[in-house]
Amino acid sequence: MSNSRADLDAILSRYKGRHGALIPLLQDVQNLEGYLRQDTMKYVSEQTGVPAAEIFGVATFYSMFRLKPQGKYVIRVCKGTACHVSGANGILNAIRENLKLNGTDDTTEDALFTVMEVACLGCCSLAPVIMIGDQTFGKLTPDTVPAVLKKFSA
Amino acid sequence: MEKIIAKLGLGSCGIAAGAGEVWTELQKVINDNSLPIRLEKTACIGMCFEEPVLELSGEGKPKIMLGKVTAADVQNVLDGYLNDKLEYNNIILHEHQEAVHNELIANQKRIVLRNCGVIDPESLEDYEAQGGYQALRKALQMQPMQIIDEVKASGLRGRGGAGFSTGMKWQFAHNAKNDKKYVVCNADEGDPGAFMDRSTLEGDPHAIIEGMIIGAYAMGADEGYLYVRAEYPMAIKHLKKALADAETKGYLGKNIMGTGFNCELHIKEGAGAFVCGEETALMQSIEGKRGMPTIRPPFPAESGLWGKPTNINNVETWANIPWIITNGAKAFRKFGTEKSPGTKVFALAGKIVNSGLIEVPMGMPLHDVIYKVGGGIKNGKKFKGVQLGGPSGGCVPAHLLDTTVDYDSITKTGAIMGSGGMVVMDEDSCMVDIARFFLNFTQNESCGKCTFCRIGTRRMLEILTRITEGKGEMEDIDKLEQLAVNIIKGSLCGLGQTAPNPVLTTLKYFRDEYIAHIVDKKCPAHSCTALLKYEVNPETCVGCTACARKCPVGCISGAVKQVHTIDQNKCIKCGACYAACKFNAITKE
Ligand SMILES: Cc1cc2nc3c(=O)[nH]c(=O)nc-3n(C[C@H](O)[C@H](O)[C@H](O)COP(=O)(O)O)c2cc1C
Ligand code: SF4
Ligand code: SF4
Ligand code: SF4
Ligand code: FES
Ligand code: FES
């Protein structure tokens, strides 16, 4: 924890006095802690003087910010137009089924995977596309999904 | 000195298709056998559907390009090329012989993509070898107004969607009196299903940067931002390197090329909000706030970033600039039409054979774009429509395929040119579902400031969802049209003002599909699951039990070698039985 506070202070001092730096600052904080914790955001507010309401406002406005802990691997399922017409729904269902995610859950019980939907990963020629961590997988079918997920086990 | 060059495409889709392994294997084979081959990398070649793509060239040998190369092919391919005995089943381009995609290239004109797939985007030397930064050198010897006049004369229109005259915009920013001004590159590329800007950013970052420095000089700005979508990590990496290299070489920073002109550029990563592509929202976001659009006027040219005069252009607009300065407005006008000069980059995707990145002269008929350059529709299916302009645009149907690609002709159809996304739909795509898809997108992305955009799009989405579930009524069509009018009138920014377009164009050209869903409770494309019915054809069923074993809810019954039946009340319409039957005995209606 103390370690993390020192890292946090390092980020804060890096952006000190730079105007318009709230978004990259929060991105770095999220990279450090995995998600934006309530108490961290309060701390950032105290240290920077940016009102907490503004920080929460920014954190909830942009889809990249996560307010809940997430799995070790984030699976981004593309729901852009090209992927939609090429069967993205079937891919999402296959992933959720394979990971046994129920209802609105997006993180697996073992905290290995978090599934999220994104609009276009820029590889539309390979539709349907997903990204796990920083690796992209294209031309998927519901049948090839399990093999891809298998590459990422604990 | 090696006389043979092997060049591999390492853009993001190349990597996704496995180019990383091919690269490692190329290195290994060349080193282990001490082959006289120089290995080079490049980014997007445009033929993303053929990735990984390898180009071979050398003195006295034909330049050829191979598609879908795997690590296992590498040894044979290199040996074959060296000994002039290359055998490969997918030669996509050949300098001297027929090859599958020779025509695809012949029908294009590359101005924006002039270096994409040619140079190593991480090498400033490669860019300079293609004449890079010569336009800046020339521009710095011109008067700012001379540059602006040249851009005006070229007739270049903004490639971010609205098609406003770039020269005029520059003039406004130039005229604004202030000691601080900004230039901004809009690289947010929000249209889901489009990747023109990604490929240019990855493939030729210096061209964009050079354009921005020229613009800054012409407008009297000394600082600028590139606002890049966070989903594009490779684009950000290449830009960072390009900025650093340009600064080291003295093209950027203080006293550029000894002229006393200063210019600084920074990268801002987006954080995932489509509305931030709208210019006023984008500036809010750069300032670190929620990306909410603001009322214009004041226009950015008067009061933009931190209240200072600001000029925002799209990636492709900026990338055109160095070419125009080097070659002149007249040369630019040789391509395209009177009112839409130059070329346009399109990202072809969806049900099209050659899905990838192309650049064609404005004025080419859509038909040629799709069939001559795009290679036609996948799997021999029937063309139904092509979505232009993403969520702000519309779907152009088959009978309008002779429409030419230029701003005014496309607008006449009810679609918009947009930024260049072209998603092709075939007979299996349901147009009501497409409309629902886009409304779902805009509804999610509405910033919520305007009631009509926030609530109106949700109402439209509810109605469309109802129709796709077979619960629609004929009045719903009138309701959709009424809501559309109100949303267009009551919205502050382009997101709301254009959100109804996909619904309006599908209602205009595919009204019969809406009626089929509402009156007959049928989806003509067999795509809306709720309206499907799977049945066993007793004539062809041989009772193999394959379907019953696959059904996740166990609603198929029948003994071995007997005709099977589906319990319609339990069926969840997953289609597993349809896929499992090898005797085509299950029908989908
Ligand atoms: C909702 C919305 C999203 C937009 N997204 C983009 C975008 O992703 N990229 C872009 O260049 N322009 C986008 N625009 C257009 C910009 O507001 C602006 O017109 C453009 O960047 C101007 O550059 P240009 O004159 O070079 O086209 C968007 C507009 C709206 C209303
Ligand atoms: S039209 Fe929609 S996105 Fe644009 S400002 Fe209004 S609510 Fe926000
Ligand atoms: S569609 Fe799915 S649920 Fe319905 S009968 Fe076939 S396998 Fe079973
Ligand atoms: S798989 Fe086809 S042939 Fe076999 S039992 Fe089912 S419907 Fe009949
Ligand atoms: S639509 Fe999925 S990658 Fe573009
Ligand atoms: S990114 Fe590979 S050819 Fe387009």
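Residues numbered from 1 in each chain as written. Chains lettered and ligands numbered in written order. Predicted model: local features only at pLDDT ≥ 70, side-chain atom pairs only at ≥ 80, totals over all residues. Heavy atoms only, no water.

1. As for the sheet that holds strand S3 (residues 130-132) of chain A
Residues and elements named next belong to chain A.
- Spatially, S2-S1-S3-S4 is the arrangement adopted by the four strands of the open sheet, whose pairing is mixed. In the strand order of this sheet, the two ends are held by strand S2 (113-118) and strand S4 (135-137), each with one partner. Here the average twist between neighbouring strands, direction ignored, is 20°.
- In this structure, strand S1 (residues 73-78) lies alongside S2, joined through six bridges in parallel fashion. Looking at S2, one finds that Tyr 73 is bridged to Phe 113.
- This element, helix H6 (residues 88-98), spans S1, S2 and S3 of the sheet and lies at about 155° to S1. (Pairing = 2+ DSSP bridges. Helix = DSSP H or I, 4+ residues; strand = E, 2+ residues; numbered from the N terminus. Axes fitted to C-alpha atoms, helices over the stretch in contact; angles between N-to-C directions. Contact = heavy atoms within 4.5 Å.)

2. Notes on unusual backbone geometry
Residue and element names in this part refer to chain B.
- Going from Glu 51 to Pro 52, the amide bond is cis rather than trans, its omega being -5°.
- Among the structural elements, Pro 52 can be located in the loop between strand S2 (37-42) and strand S3 (54-58).
- Here Pro 297 and Pro 298 are connected by a cis peptide whose omega angle stands at 5°.
- As for its placement among the helices and strands, Pro 298 is situated in the loop between helix H12 (279-286) and strand S10 (310-314).
- Backbone geometry at Lys 561 places phi at a positive 65°, although glycine is not the residue there.
- Turning to its location among the elements, Lys 561 is positioned in the loop between strand S17 (556-557) and strand S18 (565-566).

3. Structural notes on the site of ligand 1
Residues and elements named next belong to chain B.
- Close to ligand 1 lie 18 residues; Gly 160, Lys 169, Asn 313, Asn 314 and Thr 317 are nearest.
- At 2.9 Å from an oxygen atom of ligand 1 is found a main-chain nitrogen or oxygen belonging to Gly 190.
- Contacts to ligand 1 include Asn 313, whose side-chain N or O atom sits 2.9 Å from an oxygen atom.
- Here ligand 1 loses 87% of its free accessible area of 610 Å² to cover by the protein chains.
- In a pocket analysis with a 2 Å cut-off to the grid points, ligand 1 is assigned to the second largest pocket.
- At the level of secondary structure, the elements contributing two or more residues to the shell around ligand 1 comprise S10 and helix H20 (494-498). (Near = heavy atom within 4 Å. Polar contact = N/O pair within 3.5 Å; in protein donor to acceptor, adjacent residues only side chain to side chain. Areas by Shrake-Rupley, 256 points an atom, 1.4 Å probe, with all protein chains shown as cover. 1 Å grid on protein atoms, 1.4 Å probe; cavity = no way out; pocket = protein on both sides within 12 Å on 5 of 7 lines; lining within 4 Å. Sits in = over half its atoms within 2 Å of the grid points.)

4. Describing the site of ligand 2
All names here are of chain B.
- Around ligand 2 sit 13 residues, and of these Cys 447, Lys 449, Cys 450, Cys 453 and Cys 493 come closest.
- Judged by the proximity of its atoms to the pocket grid, ligand 2 belongs to the largest cavity.
- Of the residues contributing to the shell around ligand 2, the split by class is eight nonpolar, four polar and one charged. (Nonpolar A, V, L, I, M, F, W, Y, C, P; charged D, E, K, R; others polar.)

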